[in-house]
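Understanding the architecture of this molecule
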Amino acid sequence: MSTTRKRVYGYLAEFKSAAALYKAAEKVRDAGFKKWDCYSSYPIHGLDAAMGMKRSILPWFVFCGGITGTATAFSLAYVTQVVIYPTMVQAKPANIFTIPAFFPIMFELTILFSGFTVLFGLLALIQLPRLNHPLFESHQFHRATDDGFFIAIEAQDPLFSPNHTRELLTAIGGDNIELIEEKG
Amino acid sequence: MASTTQTAPAVHTGIKLPVLEREQLILQGRSYHWITERICGVLENQQPLIWWLLFIPCSLIAMIGVGGGLIHLVSTGVGVWGNTNRVMWGWPIVNFVFWIGIGHAGTLISAILFLTRQNWRTSINRAAEAMTIFAVICAGIFPGFHVGRVWFAWFLAPVPNANGIWQNFKSPLLWDVFAVSTYFTISLIFWYLGMVPDLATIRDRCKPGFRKILYGIFALGWRGGNRQWSHYEMAYLLLAALATPLVLSVHSVVSFDFATSVVPGWHTTIFPPYFVAGAIFGGFAMVLTIMIPARFIYGLQDLITMKHIDNMAKIILLTGTIVGYAYLMELFVAFYSGGIYEMDAFKFRIAGPYWWAYAAMMSCNVLSPQVFWFRSCRENLWVVMIVAMFVNVGMWFERFVIIVGTLARTWLPGDWKTYSPSPQDQMLFLGTIGLFLTLFMLFLRFLPCINIAEVKWAKRESDPHHDDHLHHPDPGVILEPAYQLETHHLKSQISNFKS
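**So, the overall build of chain A**
Check the secondary structure of chain A and you find 5 helices and 4 strands. A compact globule built from 184 residues should have a C-alpha radius of gyration of about 16 Å, whereas chain A, at 26 Å, is more than 25% larger. Principal-axis analysis of the C-alpha atoms gives chain A an extent of 80 × 35 × 30 Å. Every one of the 184 residues in chain A was classed for burial, and the buried ones make up 41%. Restricting the contact set of chain A to residue pairs at least 6 apart, pairs at least 24 apart contribute 79%.

**Regarding the overall build of chain B**
The number of helices and strands found in chain B is 16 helices and 2 strands. Per-residue burial over chain B gives 45% buried out of 499 residues. Long-range contacts, defined as pairs at least 24 residues apart, comprise 80% of the intrachain contacts of chain B with a sequence gap of at least 6.

**Some words on the pairing of strand β3 (residues 149-154) of chain A**
All names here are of chain A. With respect to burial, β3 is a largely interior element, 5 of its 6 residues being buried. Two strands pair when backbone bridges link them, and strand β2 (residues 36-39) and β3 are joined in this way by 4 bridges, in the antiparallel orientation. Residue pairing for β3: Cys-38 is matched across the bridge by Ile-151.

**Notes on helix α9 (residues 306-337) of chain B**
With 32 residues, α9(B) ought to run about 46 Å at 1.5 Å a step, and its terminal C-alpha atoms sit 46 Å apart, in line with that. The positive-phi residue at the C-terminal boundary of α9(B) is Gly338(B), with phi of around 75°.

**Section: the nonpolar core**
Core analysis: the largest hydrophobic core is formed by 153 residues, its most contacted members being Met131(B), Phe284(B) and Val287(B). Among the nonpolar cores identified, the runner-up in size contains 30 residues, and Leu21(A), Leu135(A), Phe150(A) and Ile153(A) belong to it.

**Digging into the confidence of the model for chain B**
Residue and element names in this part refer to chain B. Looking at chain B as a whole, its pLDDT mean stands at 87, while 89% of the residues score no less than 70. Note that residues 1-10 has pLDDT below 50 and, in this model, 20 contacts with residues that lie over four places away or in other chains. Quick note on the complex model: pTM equals 0.88, ipTM equals 0.93.

**A word on the domain arrangement of chain A**
Per the domain assignment, the segments making up chain A are domain 1 (8-40 + 148-181) and domain 2 (58-125). Averaged C-alpha coordinates put domain 1 of chain A and domain 2 of chain A at centres separated by 47 Å.

**Things to note about the interface of chain B and chain A**
Each side of the interface is counted separately: chain B has 54 residues, and chain A has 59 residues. Broken down by secondary-structure element, the contributors of at least two residues to the side of chain B that touches chain A are α1 (32-44), α5 (172-205), α7 (226-259) and α15 (452-457) of chain B. Top contributing element to the side of chain B that touches chain A by residue count: α7(B), with 16 residues. Each residue belonging to the side of chain B that touches chain A can be placed in one class, and the counts come to 27 nonpolar, 17 polar and 10 charged.

**Overview of the packing of helix α8 (residues 271-297) of chain B against α9(B)**
Residue and element names in this part refer to chain B. Here α8 crosses α9 at 150°, and the two axes come no closer than 9 Å. Seen along the crossing, α8 lies across α9 with a hand that is left-handed. The segment α8 lies against α9, with Tyr-274, Ala-277, Gly-278, Ile-280, Phe-281, Phe-284, Ala-285, Val-287 and Leu-288 engaging Ile-309, Met-312, Ile-315, Ile-316, Thr-319, Gly-320, Ile-322, Val-323 and Ala-326. Its residues placed into classes, the contact of α8 with α9 shows 15 nonpolar, 3 polar and no charged.

**Digging into the environment of Gln370(B)**
For Gln370(B), the position within the fold is in the loop between α11 (355-367) and α12 (375-379). Residue class for Gln370(B) comes out partly exposed when judged on the 14 C-beta atoms lying within 10 Å of it.

**A closer look at the confidence of the model for chain A**
Averaged over chain A, the pLDDT score is 90; the fraction of residues at 70 or greater is 97%. Predicted confidence in chain A is weakest over strand β4 (residues 175-181) of chain A, with a mean pLDDT of 90, and strongest over helix α4 (residues 103-125) of chain A, with 96.

**So, helix α5 (residues 162-171) of chain A**
All names here are of chain A. Within α5, the full set of buried residues consists of Thr-165, Leu-168 and Leu-169. Angularly, the buried residues of α5 cover 95° about the axis, an arc narrow enough to put them on a single face. The exposed set on the far side of α5, more than 90 degrees from its buried face, consists of Asn-163, His-164, Glu-167, Thr-170 and Ala-171. Lining the buried residues of α5 we find β1 (8-15), α1 (18-31), β3 and β4. At the C-terminal side of α5, Gly-173 shows a positive phi close to 100°.

Reading the values: rules and limits
Counting restarts for each chain: residues are numbered from 1 in the order of the written sequence. The order in which chains are written sets their letters, starting at A; the order in which ligands are written sets their numbers, starting at 1. Thresholds applied to this predicted model are a pLDDT of at least 70 for local features of residues and 80 or more for the giving and counting of side-chain atom pairs; totals over whole chains, interfaces and linings are not thresholded and use all residues. Labels follow the DSSP assignment, with helices taken as runs of H or I lasting at least four residues and strands as runs of E lasting at least two, numbered in each case from the N terminus. The globule rule is 2.2 Å times the number of residues to the power 0.38, and the radius of gyration it is compared with is taken over C-alpha atoms. Whether a residue is buried, exposed or partly exposed is read from the other C-beta atoms within 10 Å of its own C-beta, which are placed from the backbone; 20 or more gives buried, 12 or fewer gives exposed, and intermediate counts give partly exposed. Two residues form a contact once the distance between their C-beta atoms, set from the backbone, is within 7 Å. A pair of strands is treated as paired once DSSP finds two or more bridges between them. A helix's residues, less one, multiplied by 1.5 Å, set its expected span. Think of a nonpolar core as buried Ala, Val, Leu, Ile, Met, Phe, Trp, Tyr and Cys residues chained together by C-beta atoms that fall within 7 Å. Note on scores: pLDDT gives the predictor's confidence for each residue, bounded by 0 and 100. All the domain ranges listed were derived from an automatic or database domain assignment. Amino acid classes used here: Ala, Val, Leu, Ile, Met, Phe, Trp, Tyr, Cys and Pro are nonpolar; Asp, Glu, Lys and Arg are charged; the rest, including Gly, are polar. Axes here mean lines fitted to C-alpha atoms, for a helix over just the part in contact, with angles spanning 0 to 180 degrees between N-to-C directions. What makes a crossing left-handed is the near helix being turned counterclockwise from the far one by less than a right angle; a clockwise turn instead makes it right-handed. This arc corresponds to the set of directions leading from the helix axis out to the C-beta atoms.

Structural data, given as C-alpha cells:
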C-alpha cells in the first residue's frame, strides 16, 4: 500500500459474457444501487431494463432543436424576401403565397439544427468529452472496449460498503474484482 | 445462401413447417477479440505494398488535377473550361451531380438500412459513410468554382450583398446550397458519432504516446458504460431517422435545378424519384468498386461476406431497373404529350451528335445490371466488379446526357451549339477521382474501416438471451394459428360440459 491517500472510486468486476452481465445487472439493480454502470464493447439490448434505467430524453431536445431550425429558416426566408427586400423573380409573388417556395430550405434547416442538437445533446447527456476518468486507472478496464464485460459500482453510492459490495459482486458471478482508486 | 433448413421440434403435433435459418453475418464464429484485432490491425500494422502503389499515384493525380487545375482556373479565368454560352453547365455540373449521387449509397446503408433493421449493413456502413463524405467533398469543388469568380462564393451564404439584396430563397439553386451543405454536415456528424466507440477501442490498444493522445481526444473519453450506450443508441437512431428523409431530399433538390426550369427534357415531374434511384444505384456500384478490393487486401472476408455482396448486387439490380423504367417513361411521356419540342429533345439525345453517350448510358445502367438476376453472376466477384465499373461509367454518362444533351439543343436554332470539354475540364475531373481515392486510402490507414462495435453486436451470442431459446421450442415456428388452438380448446370444453 502506498502512503499517499487515494480517493476510492469503487469496485470493478468482470463477467464472462453478455448473458452473465445481464443477469448480474438485474441483481445489482434489485439490491438497490443507483450509482453503477455496466461496461461492454457494444450496446447490449435489454440492458436498460435490467439496470432499471429510463428511456433517454434526447428526443425532446432534438424536437426543440428541429422546431428552432424550421422557425429560423422560415423567418430568414420570409423576412428577407417579403418584408425587407421584396423581390419579384420567376413570376413568384413577394407575399404570403410565396411560402411554398421556402419549404425546401425550411426542411433542410430543420434537419441541420436537429442534427446539431443530437450531437451536442448527446455529449451533454453522457457528460463527455472529458480527458480522464478514474476507471482508466484499472489494469483490466482497457478490455471493456475489446471483449470484456464489466460492472463498476461507485463508492459514492449510499449502499456502498467495502466488504459487502465485494461480496455481492462475487456472489453474482464477478471475477477479477478490483478496487479502483483515483490518482492522489 | 440461406438455404439450410431445420424442421420443427418433434414435441409439436401440428403441421411441421421448415424454418429458414438466418444467414450468419460473421463467418467462422469469430470471437470479439478476433474482430477487434482484425479491424484495428488494418490501421495498426504496416500497410501492404499495394496501398503505397495506389496511394502515391492517386495523391499525385489529386495534387496535379485538383490543386494545379484549380490554380490554373482561378489565375486564368473560367474561360479555360469548355463551357459555352449555351452549354453553360458543361462538365462541372455533370461532375457535381455525379459525385453527389455517389454519396447517397453511404447514407442509404447507414440510415435507411438501420431503420429497416437490415443487420448486414454493419460490416459495410463505416466505409460507405466515409465514401459519402469524400464524394461530397469532391462534389463541392465544382459548383464552388463554377460560380466564376470564386472569391464571390460567399454570395451563396445567406448574407446580404453590398446593395442590401438577399439571396433568392425561391430559387432551386439556393435550395441546393442548403441541401448539400446540410447533407455534408449531417453525414459528418453521423460518421463521427458512429466512430467514437471504435476510436476508444483503438485508444485503449495504443501504447502511451502521441497516437494515444490523438485517438483519445477524438474518442472524447468514451468508456462504453450502458448509461452512455443508452443515450448513444438513441442519438444514433435519431440521426438515422433524420438522415433518411434528408438523403431523399438532397437528390430531389438537385433534380429541381433541372425540373423547375422550362427546358424540354428537363421540365418533368419524374425527375426527383428518378434522380434518387439513380444516386443510390451509382452509389452502391462505387461501394462495391472499393470494398471488393479492400476486402481482399486486408483479409476481411469473414466480416464482409458473399452475403453482403449478394445483397448489394440485388439492390443494384432493383435500382438499375427503376432507373431503366424512368428512362423509358421519359420517352413515353415525351411521345404521349405530343409536344414537338419535348419529342425533339429526346430524338436529339438518342440520334443526335451525342447518341454514343445515350447508348453508353442505356447499356451500362439498364442492360448490364440485368446479369444480377442470376445467382452465379452475383457470386462471381469478377462479374460483380465489372458490372459495378459499368454502372459507374453509365451514371456519369446519364448526367452528361441530361445536361449536355439538353443544353446543346434548346428552344431556338440560334441556341444550338455542340459542346466538348477542355483539357482543364478533364484534368479537374481526373483530379477529383484521385482526391476521392486518396482520402479513402487515408481513411483505411488511420480510421477503423468497419464498425467494430456494431459487428460485435451482430454476433449471435451478443444477445443476452441467445441461450434461453435452447430450453424452449423455437418461438419462430407457428404450428397452428392461435384461433385454431382456441377453437380446439372451446370444443373440448363444450364436450366436457356435455358429458
